[in-house]
Amino acid sequence: MIQYLKNKPLIINTDLDGLISGLILKKFLNCHVIGFSTSTEKIWVIDQFINKLKNVCFVDMYVVDQNTFSVDQHIISVNEEHHKLLSQNSKKINPNLMNNKYFLPNSSYYAKYPFGTIHFIIALLENIGIDLTSLNLKKNIENISFIDLILRSDDAMKTTIASEYIQNAKNWWEWLKKMSKNGPITISFIEYLSQIDSLYVTNKRDQITRLLKGNPFYCSSSDGGINDILEGTKIKNSTKEYFQFIAEISGIDLFDINFNYKTFKGLAKRTSLSLQQKKELISNNSINGKNIFSYAFVRSSNRENNFSYTLTNKW
């Protein structure tokens with residue numbers, strides 16, 4: 001499936017998961033980053049792609065349109081019925097679709113994929129025989145290594161070592177190892193994690209947070225997300241420095257960011273779906289008659305506001 005993204009234009013998230021995914025796909029599949037998103041309500045797109053969004057692949061963000069590529073790691077199926085429908089679409093690349101995990105029942109949700117899109121992408125690339133060993137996971141800047149940043153993505157390190165989901169993490173690392181066909185980079189993640197403890201995780205997480213949220217990057221969130229990347233129509237200097245830092249530590253040349261960008265803003269909402277709304281989502285990809293641009297189940301069914309979705313008038 002991942003080979004279908006070769007030479008594709010990408011829209012990636014601005015956090016560590018999205019940026020590293022974009023760099024890896026650029027290097028190994030010759031993809032081109034033409035835009036960015038916050039994964040909820042904002043998308044920034046190069047002017048010449050404004051009317052071509054159906055031709056791009058959204059990374060770390062599930063997009064409902066059935067003809068649009070997306071690679072992400074969220075729970076998107078309501079139940080087994082919905083899963084059977086969504087998993088037929090080869091343009092939706094998602095570990096939960098590949099490994100039969102859905103929102104209902106809760107036992108399935110609790111066993112969902114717990115890591116970032118980047119860990120999934122790397123395993124898929126290794127699966128099709130791409131040699132990723134040119135990546136220098138040990139490259140270190142300011143006492144933070146490239147592997148630390150990869151494993152900070154979507155809190156994979158914490159989930160594996162210092163959470164209540166350790167067994168689920170172990171299960172999924174085994175799944176990724178098998179998916180990667182014992183790929184050396186995936187195995188490097190597993191071996192690295194086996195050598196660290198919860199104190200290391202806490203200290204490294206705090207160190208990365210201070211770096212990303214401090215001068216000169218000023219990221220909005222501890223995992224590197226940025227809510228506003230532009231000054232006018234150009235990417236602002238602090239964001240450029242952040243992108244360049246991630247590119248430097250990865251050892252991959254940064255994608256071109258010297259463009260004019262247009263901002264699209266949708267309406268991001270959180271709710272809990274009624275039985276009728278779940279049926280509507282399965283049959284029509286809509287809620288209350290309004291077409292959804294993107295969505296994910298972000299909490300189990302016994303918690304409020306477990307469904308996150310975005311509405312937009314622009315496609």
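Description of the structure in this document. Everything numeric in this text was worked out from a predicted model, so none of it was measured.

### What about the overall build of the chain?
Part 1: Of regular secondary structure, the chain possesses 12 helices and 16 strands.
Part 2: Taking the principal axes of its C-alpha atoms as reference, the chain extends roughly 50 × 45 × 35 Å.
Part 3: For the chain, buried positions account for 55% of its 315 residues.
Part 4: For the chain, the share of sequence-separated contacts (at least 6 apart) that also reach a separation of at least 24 residues comes to 65%.
Part 5: For the chain, the accessible surface area stands at approximately 13900 Å², while carbon and sulfur atoms represent 44% of it.
Part 6: The average position of the 37 basic charges and that of the 29 acidic charges among the side chains of the chain differ by 5 Å.

### Digging into the packing of aromatic side chains
Part 1: According to the stated counting rule, one finds 25 aromatic pairs in the structure shown.
Part 2: Between the aromatic rings of Phe217 and Tyr242, the centroid separation amounts to 6.0 Å while the plane-to-plane angle is 50°, which identifies the pairing as tilted. Here Phe217 is found in the loop between helix H10 (198-213) and strand E9 (230-231), whereas its partner Tyr242 is found in helix H11 (residues 237-250), with 25 residues between them in sequence.
Part 3: Accessibility expressed as a relative area gives 7% for Phe217, which makes it buried.
Part 4: Judged by relative accessible area, Tyr242 falls into the buried class, the value being 0%.

### Considerations on the sheet that holds strand E2 (residues 32-37)
Part 1: Taken in spatial order, the 7 strands make up an open sheet running E6-E5-E4-E1-E2-E3-E11, and their pairing is mixed. Two strands in the sheet have a free side with no partner beyond their single neighbour: strand E6 (92-93) and strand E11 (261-265).
Part 2: With 3 bridges joining them, E2 and strand E3 (residues 42-46) adopt antiparallel strand pairing. From the neighbouring strand, Gly35 faces E3, where its bridge partner is Val45.
Part 3: Contacts from helix H5 (residues 117-127) reach strand E4 (57-59), strand E5 (69-71) and E6 within the one sheet, and its direction differs from that of E5 by about 105°.

### Considerations on helix H12 (residues 275-284)
Part 1: Listed in full, the buried residues belonging to H12 are Gln277, Lys278, Glu280, Leu281 and Ile282.
Part 2: The secondary structure elements touched by the buried residues of H12 are helix H2 (80-86), strand E13 (286-287), strand E14 (290-291), strand E15 (294-297) and strand E16 (307-311).
Part 3: Just past H12, the residue Asn285 takes up positive phi, approximately 55°.

### With respect to the sheet that holds E16
Part 1: One open sheet holds the 3 strands; their spatial order is E12-E16-E15, and the pairing between them is antiparallel. Edge positions in the sheet fall to strand E12 (267-271) and E15, since each of these pairs with one other strand and no more. This sheet shows a mean twist of 15° between the axes of neighbouring strands, independent of strand direction.

### Section: a nonpolar patch on the surface
Part 1: Together, Met1, Tyr4 and Met98 line one region of the surface with nonpolar side chains, adding up to about 260 Å² of accessible area.
Part 2: As for its placement among the helices and strands, Met98 is situated in helix H3 (residues 95-98).

### Overview of the packing of helix H1 (residues 16-29) against H5
Working note: a packed helix pair is described by the angle between its axes plus the distance between those axes.
Part 1: Orientation of H1 relative to H5, taken along the N-to-C sense of each, is 20°, at an axis distance of 8 Å. In terms of orientation, H1 lies roughly parallel with respect to H5. H1 and H5 meet at a crossing whose hand is left-handed. Of the residues in H5, those touching H1 at Asp17, Ile20, Ser21, Ile24, Leu25, Phe28 and Leu29 are Thr117, Ile118, Ile121 and Leu125.
Part 2: A class-by-class count of the residues in the contact of H1 with H5 yields 8 nonpolar, 2 polar and 1 charged.

Quick notes on the rules
Residues numbered from 1 in each chain as written. Predicted model: local features only at pLDDT ≥ 70, side-chain atom pairs only at ≥ 80, totals over all residues. Heavy atoms only, no water. Helix = DSSP H or I, 4+ residues; strand = E, 2+ residues; numbered from the N terminus. Buried < 20%, exposed > 50% of the residue type's maximum accessible area, 1.4 Å probe, protein only. Contact = heavy atoms within 4.5 Å. Areas by Shrake-Rupley, 256 points an atom, 1.4 Å probe, with all protein chains shown as cover. Lys, Arg positive; Asp, Glu negative; His and termini not counted. Charge placed at Lys NZ, Arg CZ, Asp CG, Glu CD. Phe/Tyr/Trp six-rings, centres within 6.5 Å; stacked < 30°, edge-to-face > 60°. Pairing = 2+ DSSP bridges. Axes fitted to C-alpha atoms, helices over the stretch in contact; angles between N-to-C directions. Patch = residues over 30% accessible without salt bridge, like charges linked within 9 Å, V, L, I, M, F, W, Y side chains within 5 Å. Salt bridge = Lys/Arg side-chain N within 4 Å of Asp/Glu carboxyl O. Parallel < 35°, antiparallel > 145°, perpendicular 65-115°, else oblique. Left-handed = near helix turned anticlockwise from the far one by under 90°. Nonpolar A, V, L, I, M, F, W, Y, C, P; charged D, E, K, R; others polar.

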